[in-house]
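# Overview (structure and organization)
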Amino acid sequence: MRLKAFLLPTALALALSGVPGPALAAPAPGRPADTVDLDVLFVSAHPDDEAGSLATLGQWKERYGTKAGVVTITRGEGGGNAVGLEEGPPLGIIREREERTAIGKAGVENLYNLDRVDFWYTASAPLSERIWGHDDTLAQIVRVIRQTRPEIVMTMNPSPTPGNHGNHQQAARFAAEAFHAAADPTAFPEQLSKEGLQPFRPAKFLRTGGTGTSTAGPACATSFVPTVPTDQVFGVWEGTPSSTGKTWAEIEVDARREYVTQGWAGTAAAPTDPAKIRCDFYTLVDSRVPYDPADTSPEAILRGSVLPATAGGLPRGTELYLTTDRFDLAPGETVEVTAHVRAPRDRALTSPRLALRLPSGWTATGSGALRGAVPAGGERTATFTVTVPADADTNQQRLVGATLTTGQGAGRTDRAVRVVADVRGTLEPLPEVGTFRDWAGASGYPQLDTLIKPVLSLGSGQSRTVRVDLRNHGETAQHGEVTLGLPKGFAADPATKSYPDLAPGATGAVSFTVTNTDATLPTANSGGTDGDYGITITTTSAAGSTVETGALELVPTSEVPHAGTGHEVDGVAAPGEYPGPELDLSRIWEGEATTPQDASATGRIAWTDDALKVYVQVTDDVLGKKVVPQDCKRQRRTDSVEIIVDPKGNSADTSTVFKAGIFPVTDDPANGDPPCWQRDADNRQGPGATTAPGMTVVSKVSAPYTGYTIEASIPFAVLPDAVDPARMGFNVLVYDSDTQDLTSQSRLGWSTFTGVRADPYRYGLVTLPGYAPAARQPSAPVFPDTAARSVHSPQTIAQSATDGVAPAAVPRLPAEALRLTGARTVTGGVSVTLRADRAGTAYLYGWDGDRPTGDRTVSLTAGSPVTVVVPVTAGTPTSLLAAYEADGAALAHRLPLS
């Protein structure tokens, strides 16, 4: 990572002097002659992930001729369908077409689908990596980069920020790894030795969004103030007019409306008042080339890579970046900083001189500096030892920067480091957060840790262990104390604990028992709070003290009693049937605010010897669109209830929980419009009858309509594991839709935080006094395993035949692997003769220039010609599309028809 923002002005000028070192070999300049050459590549998980960047990509295309492409790891076939009954692979093909149409409005023509399965909404990057496969998926992205050679790689937020889709996180992590791997000749060497590709060094790597504040309007880029001062955030205003007369904000809305299956056809119009139009923001994560942090123009990201630097800058193709031997350093310590300078392929850099810029009070000495011109295509380095003042403030990131001046121009770069106390104490991470931190450190992006707010959850009125992790960053052994600062209503006994000697570089921990002593405090995001209660961690040693912050998220709790007598599943809570307390299910966690009449709910829970009973009463003023029984899935789209059970209250993701989505009514008048239910995004998805045998549901819908009541009995046997009666995770979410377009407006529930449906640690906690579970083995999760495939997508094949990247970005077969001859229109179809040089499968489509007109699949053996007719099912074909798969590789052909 060579990152970020504004440098403090103190400069230490050090020449690039000494004996010239060897020029490192640069990658060969060529690319496959018939492969498209991109400038920008956006790496995403699903169709529509790039939708918020189309105003930027469109501006760049129109103003500077920038050619962008999009990698989409899945086709979104696991999502809902707002306009039809298609799901799975057929839905994925539809979503691909929507995406191609949408990005086309921004002038983006190249879309690369990787054919990974879209399984469900999750907050877990590790689960996404597990299902997609790390090495194979990363290899596909690296192959696309090496083939299309984009100067800029863009992606999404890689961190487990609450509400951030785990697929998005993992896609971003793949993009970060691919940025490095594409340039590394030792990464996926078979792409070089067998496929004829060459390493490629993208110039910049950015993520969407910026953490900070800004005003809307034309000054949104210049008014941005980052939360972390070392972040370099670029803004591109969406209000810029296009050649059509529309603003790019309006064009982006037009594009978003193309995602009709996603329910975006009704996207609100863009603002027409320039003062209300926002910027697209991008945070620079890594840069191999110099950049100007003060440049706020729409093309600032492109400078030095796609576009030349501003006047007086270094020649395009010059690399300048810094590396350090570590990220965290204590006051008084030194860090080794290496400046890397690489000359463009076509010219040397003469009279190079490096000025190292440091925060006030920091010092540096040179070591191994070089003298003389940097030869064309060669690299030189200079190493410096930088010392942090003994009295430096801790717990903050600072920038070490450099300016390179040559006979050809000048440029600058910088790198963030973090100053920490000799002994730093931090709140124990959630499992997914710990995984992210490990990944960020190993990948060279430790500064991304600032994206995460350290939190732990605690049940209302309950106690838990809170661990503080310690690391000695200093150069001598240290011991001292840790004090946990808690808000009113919380206590630790004791609040201060000592820790023994920690050797330099050693780690340790102290643990506290923290209790919520005031059970009347608001939980989740109710009572005017966001559910977070801030804490401080003060760590002292002989070297001083430091304070870190974190938070406890207070989740609701309840006791679940045995059901009373007469416990029938009849949609009525008879007296004594649910003897436990009533649950407030009206806390909003996403969407529009509601009134009690618009949408509100209460609930009750009880247990019998073999089942959990749940009773939910919903007040609602408008009934959303009723789904047909065949569309009983994705309950979030209309009025529905979601019941969630985490059997042991300790799941890291929803693959080990039970989730039932219940529609109170369906569009099935012949059968009385009954309710329906299914399991979604959990241990076993699918229709309730097959995935939750024995579960019963009764729904009573009021007439005239003022709401509905649902009662469900969920057998303990269908849960993924035996219940822990002392700690069962539980939640009820209520979706409210007031429209007929299968989009919900408000989402309510019991334990409510942003993204809560995918975060088991934020579910409420319940106890089941007296319940004795039978011993059993947990159920292994069942994942969807059928993805839409590129060889089944005529639109992918048509592109592949043009841009040279094989369908699904697999290795590309040689053109002679499949020969097509004699293609002609005949009665009822298109006749063609196929000859393959190896056994494989051909996928043939008639194509009218926009849509398929017919298809046929043919198995071929080596050397044996086969003549087939591709039937015409609609329209008039103007060309024949063919994809061929063999030996784990593929190719595509497109033959015009006379």
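Within any chain, residue numbers begin from 1 and follow the written order of that chain's sequence. For a predicted model such as this one, the threshold for reporting local features is a pLDDT of at least 70, and the threshold for listing and counting side-chain atom pairs is 80 or more; totals across whole chains, interfaces and linings nevertheless cover every residue. Hydrogens and water molecules were not included; the side-chain quantities draw on all heavy atoms of the structure.

### Some points on the state of the cysteines
The condition is simple: Any two cysteine sulfur atoms within 2.5 Å of one another count as a disulfide. Labels follow the DSSP assignment, with helices taken as runs of H or I lasting at least four residues and strands as runs of E lasting at least two, numbered in each case from the N terminus. The buried label applies to any residue whose accessible area, calculated with a 1.4 Å probe on protein chains only, is under 20% of its type's maximum; exposed applies above 50%, and partly exposed to all values in between.
One pass over the structure, following the stated rule, counts two disulfides. Disulfide pairing is shown between Cys632 and Cys676; the S-S distance is 2.3 Å. Taking the sign of the torsion about the S-S bond as the criterion, the disulfide between Cys632 and Cys676, at about 105°, is right-handed. In this pair, Cys632 is assigned in the loop between strand 32 (611-620) and strand 33 (640-646) and Cys676 in strand 35 (residues 676-679), connecting sequence segments 44 residues apart. Relative accessible area serves as the criterion here: at 14%, Cys632 is assigned to the buried category. When the cysteines of the protein chain that form disulfides are numbered from the N-terminus onward, they connect as 1-2, 3-4.

### What about the sheet that holds strand 44 (residues 840-847)?
The pairing of strands in a sheet comes from backbone hydrogen bonds and takes either a parallel or an antiparallel form. Spelled out, the test is: In this analysis, strands are considered paired if DSSP registers two or more bridges between them. Axis lines are fitted through C-alpha atoms, for helices just across the contact stretch, and the angle between N-to-C directions can take any value from 0 to 180 degrees. Here, residues are in contact when the closest pair of their heavy atoms is within 4.5 Å.
Judged by pairing direction, the sheet is antiparallel, and its four strands sit side by side in the order 45-44-47-48 without closing on themselves. Each end of this open sheet is capped by a strand with a single partner; those strands are strand 45 (852-860) and strand 48 (889-896). Across this sheet, the average inter-strand angle for adjacent strands is 15°, counted without regard to direction. Summarising the sheet, strand 47 (residues 879-886) and strand 48 pair through eight bridges and their orientation is antiparallel. In the sheet register, Tyr884 faces strand 48, and the bridge partner there is Leu891. On top of the sheet, helix 10 (residues 794-803) reaches strand 44, strand 45, strand 47 and strand 48; it is set at about 85° to strand 48, its chief contact.

### Some remarks on the nonpolar core
Here is the rule: We define the nonpolar core as a collection of buried residues of types Ala, Val, Leu, Ile, Met, Phe, Trp, Tyr and Cys that are connected through side-chain atoms lying within 4.5 Å of one another.
One finds Ile141 and Leu484 to be the most contacted residues of the largest nonpolar core, which totals 102 residues. The biggest single contributor to this core is helix 5 (residues 166-181), with seven residues. Aside from chain neighbours lying at most four places away, what touches Ile141 is Val43, Val71, Ile73, Leu114, Phe174 and Ala178. Membership of the second largest hydrophobic core comes to 38 residues, among which are Leu585, Val645, Phe658 and Leu768.

### Structural notes on helix 5
Quick reminder: α-helices carry 3.6 residues per turn. Residues three or four places apart thus point the same way. Note the following rule: Multiplying one less than the number of residues by 1.5 Å gives the expected span of a helix.
The end-to-end C-alpha distance of helix 5 is 22 Å, a good match for the 22 Å that 16 residues give at a rise of 1.5 Å each. A large share of helix 5 lies buried, amounting to 15 of its 16 residues.

### Things to note about the pattern of salt bridges
Inclusion rule: Here, a salt bridge means any Lys or Arg side-chain nitrogen found within 4 Å of an Asp or Glu carboxyl oxygen.
Inspection of the entire model under this criterion finds 43 salt bridges. In this structure, a network of salt bridges that share partners links the residues Arg75, Glu96, Arg100 and Asp115.

### Some thoughts on the packing of helix 1 (residues 54-64) against helix 7 (residues 248-256)
For clarity, the cut-off: These descriptions rest on fixed angle ranges, namely under 35 degrees for roughly parallel, over 145 for roughly antiparallel, 65 to 115 for roughly perpendicular, and the rest for oblique. Handedness of a helix crossing follows the sense of rotation of the near helix relative to the far helix, less than a right angle counterclockwise being left-handed and clockwise being right-handed. In this classification, Asp, Glu, Lys and Arg are treated as charged, Ala, Val, Leu, Ile, Met, Phe, Trp, Tyr, Cys and Pro as nonpolar, and every other residue, Gly included, as polar.
Two numbers describe how helix 1 lies on helix 7: the axes approach to 8 Å, and their chain directions differ by 120°. Put simply, helix 1 runs oblique to helix 7. Considering only the axes of helix 1 and helix 7, their crossing is right-handed. Of the residues in helix 7, those touching helix 1 at Leu54, Ala55, Gly58, Gln59 and Glu62 are Trp248, Glu252 and Ala255. Taken together, the residues that form the contact of helix 1 with helix 7 break down as four nonpolar, two polar and two charged.

### Quick notes on the sheet that holds strand 9 (residues 233-237)
As summarised here, the arrangement of the seven strands in space is 4-3-2-5-6-10-9, forming an open sheet in which the pairing is mixed. At either margin of the open sheet sits one strand with a lone partner, and together these are strand 4 (110-113) and strand 9. Each strand axis lies, on average, 25° off the axis of its neighbour in the sheet, ignoring direction. Note: strand 6 (residues 204-208) against strand 10 (residues 279-287), five bridges, orientation antiparallel. Counterpart to Arg207 in the pairing with strand 10 is Thr283. On top of the sheet, helix 2 (residues 89-104) reaches strand 3 (68-72) and strand 4; it is set at about 155° to strand 4, its chief contact.

### Considerations on the side chain of Asn683
Quick reminder of the rule: We call two N or O atoms a polar contact when they sit within 3.5 Å, provided that within protein one can donate a hydrogen and the other can accept it, with sequence-adjacent residues counted only if both atoms are side-chain atoms.
Take Asn683: it is sitting in the loop between strand 35 and strand 36 (686-687). Residue classification places Asn683 among the buried residues on the basis of a relative accessible area of 4%. A polar atom in the side chain of Asn683 sits 3.1 Å from the backbone oxygen of Ser779. Ignoring sequence-local partners within four residues, the contact set of Asn683 consists of Thr654, Ser655, Thr656, Val657, Pro720, Ser779, Ala780, Pro781 and Val782.

### A few points about helix 7
Of all the residues in helix 7, the buried ones are Trp248, Ala249, Ile251, Glu252, Val253 and Ala255. Along its buried surface, helix 7 packs onto helix 1, helix 2 and strand 10.

### Focus on the packing of aromatic side chains
For any pair of aromatic rings, geometry is given as the distance between the ring centres together with the angle between the planes. Stated formally: Note on aromatic pairs: the rings of Phe, Tyr and Trp (six-membered ring only in Trp) are paired at centre separations within 6.5 Å, and the planes decide the class, stacked below 30 degrees, edge-to-face beyond 60, tilted for the rest. For a Lys NZ or an Arg CZ to count as sitting over a ring, it must be within 6 Å of the ring centre and within 35 degrees of the ring normal.
Counting across every chain of the model gives 14 aromatic pairs. Each ring, one from Trp607 and one from Tyr771, has its centre 5.3 Å from the other, and the planes form 65°; the classification is edge-to-face. One end of the pair, Trp607, is in strand 31 (residues 599-607); the other, Tyr771, is in the loop between strand 41 (764-767) and helix 10, and 164 residues separate them in sequence. Assigned by exposure class, Trp607 and Tyr771 land together as buried. The side chain of Arg256 reaches across the aromatic face of Trp264, ending 4.3 Å from its centre. The cationic tip of Arg288 hangs over the ring face of Phe179; the distance from NZ or CZ to the ring centre is 4.3 Å.

### Some details on the confidence of the model for the protein chain
Keep this limit in mind: One confidence number per residue, pLDDT, is output by the predictor and ranges from 0 to 100.
Taken over all residues, the pLDDT of the protein chain has a mean of 93, while the share at 70 or more is 95%. Counting interchain partners and residues more than four positions distant, the pLDDT-below-50 stretch residues 1-31 has 124 contacts.

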